[in-house]
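Chain by chain, the residues run as shown.
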Amino acid sequence: QHSKVSLHVSQKSVRQVLEQIERKTDYQFVYKLDDVDLNRKISLKVSNELISKVLDVIFKGSETEYAILDKQVFLVRKKHQSMSVPTVPGHKTSQPLQLQITGVIVDDQGIPLPAVNIIEKGTDNGTSSDFDGNYTISVSDGAVLLFSAMGFKPQEIAVSGQTTIDVKLLPNTEQLGEVVVTALGIKKEKRALTYAVTEVGGDQFTQAKETNLANALSGRIAGVNVSSLATGAGGSSRVVIRGNTSLSGDNQPLYVINGMPMDNTTMGGSASTSGGGFNIDHGDGTGGINPDDIESISVLKGATAAALYGSRASNGAIIITTKKGALQTGLGIEVNSSFTLDSPMDFTDWQYVYGQGNGGQKPSNQSEAVTWGRRNWGALIDGSTYIAFDGKEHPYTAKKNNIKNFYNTGTTFTNTVAVSGGGETTSYRFSASDTDNKGLVPNNSFNRRIFSLNFNSRIGEKLTLEGMVQFNKSKAYNKSSAGDATGNPNWVNMLANTVDARWLDPGYDENGTEIEWNETPYASNPYFVANKFKNNEVRDRFIGQFALNYQITEDLSVKGSVSKDYTNFNFTAILPTGTLYTNNAAGEYHGFDLIVSETNSMLNINYNKDISEDINLGAMVGGNIRKYKNEQTSFDGTQFIIPFFYSFTNLVTSTTIPTNKHLTTNSIFASFDLSYKNFLYFNATAREDWFSTLTASDGSNSNNSIFYPSLGAGFIFSEVIKLPEWFRYGKLRGSWAQVGGGLPDPYTLNESYTMVPSSGEPLQQVTQVSGQRLLANSNLRPYTSTTYEFGIEAKMFDNRFGFDIAYYNKTTTDDIVNAQLPVTTGYEYTYFNVGKVENKGVEITLDGAPVRSDSFSWDVNYNLAYNDSKVLQLAEGLSTISVASSVGGWAEIHHEVGEPFGVIKGYTMLRDDDGNIVYDTSSGFPVKSELKKIGNSVAPLSMGLNNHFKYKNFSLDVLIDGKFGNDVFSVLNVYATRFGLSKRTLEGREEGLTLTGVDESGNPYTNYIPSTDIRSYYQNMKNYSDHFIYDGSFVKLRQVVLSYNIPVEKLKLFKLQSASISFIARNLALLYSKTDNFDPESSYTNGNAQGFESFALPRTRSYGLNLKLKF
Amino acid sequence: CDKGFEEENTNPDASTDVEPEYMFTKSVYDALNNSTGTVYEFSAGGFVQHFATYLEVPGLGDKYVYTSGTYPYAYFSGAYVNAVNEIEKVVLALEEDESKTNMHAIASIWKVYVYHRITDLYGMIPYSEAATAYTQSNYSPAYDTQEAIYTNMLETLQSAANAFDSSKASFGSGDLIYGGDTGKWKKFAYSLMLRLAMRMTKVDATAAQTWAQTAISGGVIENISDEAILPYVGGQEINSNPISFQLRNNNYSQSNGGSSNTEGGKFSATFISHLKENNDPRLTSVAAVWVNGVQDTTTSIQQGMPNGLVNKPADFGSLSEPNLNTLLSLTASLTVVGSAEMNLLLAENAARGWISAEPATYYEKAITNAMSNIGNLYGNAAAISSDKIQDYIDSHPLPSSFEAQMETIHTEFWVSVFPDEIEVYSNWRRTGYPELTPVSVTGNLTNGTIPRRLTYPPSEISVNTESYEEAIGIQGTDTFVTRIWWDVE
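All values derive from a computational prediction rather than experimental measurement.

1. Quick notes on the interface of chain A and chain B
- Each partner contributes residues to the interface: chain A has 87 residues there, and chain B has 80 residues.
- Overall, the association of chain A and chain B removes approximately 6,800 Å² of surface from exposure, summing both partners, and the carbon and sulfur fraction of that is 54%.
- Per-residue buried area on chain A facing chain B is highest for Tyr753, Gln764 and Thr824 of chain A; these three make up 11% of the total on that side.
- Across the pair Glu56 of chain B and Arg1015 of chain A runs a salt bridge, and its minimum N-O distance is 2.7 Å.
- At the junction of chain A with chain B, the criterion picks out 39 residue pairs in polar contact (both at pLDDT 80 or more).
- In terms of residues, the side of chain A that touches chain B owes the most to one element, strand β33 (residues 651-676) of chain A, which gives 10 residues.

2. Quick notes on the environment of Asn606 of chain A
- Following the sequence through the fold, Asn606 of chain A ends up in strand β31 (residues 588-610).
- Residues within four places of Asn606 of chain A in sequence aside, it is in contact with Asp555, Leu556, Ser557, Ala619 and Met620 of chain A.

3. Thoughts on the pairing of strand β34 (residues 680-691) of chain A
Residue and element names in this part refer to chain A.
- Within β34, 9 of the 12 residues are buried, leaving the element largely enclosed by the surrounding structure.
- Where β33 lies against β34, 12 bridges are found, and the strand directions are antiparallel. Directly across from Ser675, in β34, lies its bridge partner Tyr681.
- Between β33 and β34, which pair antiparallel in sequence order, lie 3 residues; one of them, Lys677, sits at a positive phi of approximately 50°.
- Inspection of the sheet shows β34 paired to strand β35 (residues 705-715) by 11 bridges, in the antiparallel sense. From the neighbouring strand, Leu680 faces β35, where its bridge partner is Phe715.

4. Quick look at the domain arrangement of chain A
Residue and element names in this part refer to chain A.
- Domain boundaries in chain A define domain 1 (4-77) and domain 2 (81-169).
- Contacts between the two partners involve 9 residues from domain 1, matched on the other side by 9 residues from domain 2.
- Linking domain 1 to domain 2 there are 0 salt bridges.
- Counting the contacts that link domain 1 with domain 2 gives 0 residue pairs in polar contact (both at pLDDT 80 or more).

5. Remarks on unusual backbone geometry
- With an omega dihedral of 5°, the bond running from Phe418 of chain B to Pro419 of chain B counts as a cis peptide bond.
- Along the chain, the position of Pro419 of chain B falls in the loop between α18 (402-416) and α19 (421-431).
- Residue Pro434 of chain B is reached from Tyr433 of chain B by a cis peptide bond, and omega for that bond is -5°.
- Structurally, the position occupied by Pro434 of chain B is in the loop between α19 and α20 (458-463).
- Positive phi values are uncommon outside glycine, yet Ala585 of chain A reaches one of about 50°.
- Within the secondary structure, Ala585 of chain A sits in the loop between β30 (556-575) and β31.
- Judged by its relative accessible area of 9%, Ala585 of chain A is buried.
- Its identity is not glycine, yet Asn292 of chain B carries a phi of approximately 50°, on the positive side.

Cut-offs applied
Residues numbered from 1 in each chain as written. Chains lettered and ligands numbered in written order. Predicted model: local features only at pLDDT ≥ 70, side-chain atom pairs only at ≥ 80, totals over all residues. Heavy atoms only, no water. Contact = heavy atoms within 4.5 Å. Buried area = accessible area lost by both parts, 1.4 Å probe. Salt bridge = Lys/Arg side-chain N within 4 Å of Asp/Glu carboxyl O. Polar contact = N/O pair within 3.5 Å; in protein donor to acceptor, adjacent residues only side chain to side chain. Helix = DSSP H or I, 4+ residues; strand = E, 2+ residues; numbered from the N terminus. Buried < 20%, exposed > 50% of the residue type's maximum accessible area, 1.4 Å probe, protein only. Pairing = 2+ DSSP bridges. Domains from an automatic or database assignment.

What follows is the structure, given as structure tokens:
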């Protein structure tokens, strides 16, 4: 950006001058405090001069010399002859010098490091590395060399007779001068920020990988709540920062790659909470990012941080910076391979006292065995024989390993090769990666290939060009459905407890027809689904970004960027010939072709000037045009005419429906930064967005724009107030911002009418959205989210302890609420501008380094976040809105006034004022209460604990995370109770149950249910949802990585520069949980309706090896 | 900065205006194509013991249990968001235009048809405030009493019948029932009026008589040529006979071959035994047993499945089910309002002395029309010869006492108006004929009695709470045993 600089100072300290240069340019100074005389006063007047010339002037005649590498300026003490003279009084003068050691010092990217201090431990003997990282030092044999440089972790190496010692220094992430990437890709010193930003280095994601990058954020950052979906490889993610902002809108953050927004559309929409057949999670945008390409991820938690992004920042922003090329030593090739085994975790704990059957009887013939296929109301499991659904005789014994027997152990093989290099004007990095996954359900697989090229180039003095091109192809076969029973292989969980899952294999007869194993064909045969159902996803994604930056004057630059994120997605689901629940068992066809594209064109002008010696001003104005399109053509049909020929051309009935959604958001924005000396920072931004989605097509609504301001201030009190020596750094910050948003969907302001495909007379209906009747509302306007936050951060004890505490309050007003309507309105839902939601919370991050010795170190990070959300207002007269309902409608997710976002509502047994259960005398069962709150779907409290241990060449990372305070409604347990699998159904099996309470008139009531009829009692339990609600709190051992850095200097093979091998594991253990028979993280949709468990894939425990090589 | 946004936010795949003729056609289809599986087979069709299933989940009609699914309220939900909303928009679009009074009248009559079926199943329903969300921003429609709804429906029919003007334009081919024939629509309006009038005999015999006499003097559908028949051309699902489509989907198909019916369904033993015992020739028109992969219509082998079973009977595969080639043909026609029904109601009017005529005349004409039209509806394979019709009439004379006449007329109604199960169920509740023996299974919700209504959807309870509570405050608890206004004991 600034290779030249202008300065006008008189009698300022070197420190102040260096700070000015850092502010005005991209250059950063790296030095040891002892090496540079920072207090020396100088005067200087230069105009648009090369940085090197300016530095020559500054350090002329001083004891400091400098070296420039990339954007870093290394300052070192000039070498004096005396430093290499070993004869320092009081030291081991008697020992003769025996060895001359040479070597190269590089950073973790392989870039040579100049100005590294090399000292023979215990002596004054020392030197420093040159511009190419080379050094030479003469030491005694048996010496220990200490390598240190500003910004890097010091390293000690015993000489032990070696004459060549190449060293890699790892960056010290705890350093003070940390630079983070903020909105629009602007890099800022962390100390200058007025809001909470957390950055995670790419190395956190590259070993134990998640196929969806976003899932790897789980437990890493206070206030970042990741729902790990149980939908397998190629599934999507749900990340919510600081609570849900909008009742109906997308609550996930904006993802930005290298400064430009990325598309994170869930292909074909989120899976539904109660769907069946092919209720599949098709994956989202974050699933298409290669973790090995990540340089860093910076999370802008609050609206204040992200306000420059306008409407899309109301949920925060996640800024991904990809690795760039640079001048290399060696070949510049990196290889990263990992292999993991993914085994299904079995949480079921059924009753194995009574086996399959009905009324205390085990099946005596095939017909009974089928009718009672899911019923466990049989005889005592006694090891006798019985006839099962297949008509064969089998032992009547407990079958406890059906999960293990049905599911495979999956495998994931991930390989990335990256090549990078560069010269004076151009650098590049190219990577290719392949991820190959075999899933848990037989015949499920996923493959993803990503090719990525990053480059930047300096075209002449004033012009730079940078860009990124990524091509991504992924294919998924036979992803598992979740939710309802139809076509859902995970219904294998509901086999009777004396039935072995493998008896169902292969699930079809000689005609290819599904074999019935229970009374209803809607509960599919899991093997038939695994072996015969087909669904294919093919995704082609292309991301291109180009940015040109022109330096008009020393203070002023202009940057134009354009980016496009384009996905072509194709999905086909075949319910095959022989599927019993389809019409005439002739199968069904469902598919869609989808193009999603997001194009952003941005222009901004940057101005940066020192108004006086103490005051620096930065200003930026810009504009952006965002165009988004989502063009889908759906192909659906029933009954394959020629059996087993699965083509859209071979259907008895078929429909083709196009859905084309286009929208544009135009924006202008500006930001203003002011800093005073090095301790006071002020920041203001403004943005206005205009939404096409809030523009009525008939011109009746022009409330389509909204203005977003933000203000922030930071005060580094440790620079002003005299603090104890151990208190290194302390900062207070505060900020306020308003952001907001429009509708995600176009065409919802005015009603429109669609022709219905007809083989007879023309038919017209009200336009439906995803098969639902949406009531158009032309009065909509943008919603507003107002946030203020305060924070304090500090570092102390030689940076061995630090904390960051933040408090925020975020209130959304005029929220556009997707409200279910009574059907009697003629519609099923609408959007109202009525919502008011408040989220307030505290985030605490503690960093520590309890042990930091030469051979052993322990770094620990603990983060904790508490978010209190409250729905303050819905439409007038509306106290609750229904967002989703479970299979069977037994539970619903609601937003209710006075309650947190997303409460789970259901029914309980009606009780009178004295607590007696009220019975319905018609049925003999308890009366079902009205619909009421039975739980909270969102966890208010979350935490993560990261430990990093290092011992010599070994390192160990352990991540534990947890969430607390939410509830989960378990559909699995509803059915397990209904079918007698659940342990709770043991009561009354022998002697029946006597129910006592009162009748509807309040008179004492008793009902005796004989043991032969006990099924009817437990079958009826589903009406009382509170019996199936579980505390969803958990603590998990999320990740363990044990690495060994292979000392390659001894290998000298294939120009190998570094190598490491690691044992990697994800989701190793559930340390704490209160759920029965299921994993507390069993969500199967990334939509706003969380809080249901409903036959998703089992949680996988993954473990394997990772190998990293660098040439 | 918002240039071009109006165009950008216009759906490229939709039009901005209602086309009344096209939407009217959709509304006609939708009124008949509403939850036919859940209502015809699994609730009303089971209550009146035409159908049976041994399974529990679809067992609401068969055994008065409700485990899961949308069986009690699918009709309610489906009606409002489709046929109701559409016909309200059509009526509104035609209201202001003087030149379109005929179309407006037809649409108004159809609106009555749409609503009366909902209120007959549920009792109090939103009527005056229904589907006004887009026009009047009413998001919580109040429920009207059934009495008020009936009064308004009858008046609407009267004014629509009076509004026809043969000099003005009418619907064309988009009117699938009558092709825009205003004379026939007038008969339809009076026929519907007679249907509604007779519904009130238990609760308000005086009003029933008055409206029945108005209807009859206006002229009702007495002959096959005037019948309101909805033809289906097949092809798309919407153009296919919805009962056939759904029942094939749920239960009866070539591939299931009678033995693995998805929802465990068969014809009820009550229905098949009745047809068999009475030598009713319609038995072989609608029922068949699978023999070697072919549906066999031989009378002697026809046998229904008893209602109230909880396990699959051993002889399930050899029980009678609907004939896929006749009743369940995808191109079979549906009777919206037929002459058999009208003649039976006329016979009752004669029996009550509300008109001066011989009840047997109408009774015999009802049988003749019902049987002779069956081939037109379901194809030649279902056709019944005039000899057989005469034999049946000869062996089933109308008795002489009023109560016996009622029993004979309405037992005939139970057969003739099949498969319009909503109408059959309403008529059974009003008259009590035929006398049906309820089943009693553990866990049934009615204490072993045949339900008197269906229950409202959960969405009404959760998001139209006040209106819902007001309604049940007047009507009684939202259960299957609560009686609706016209169904007094």
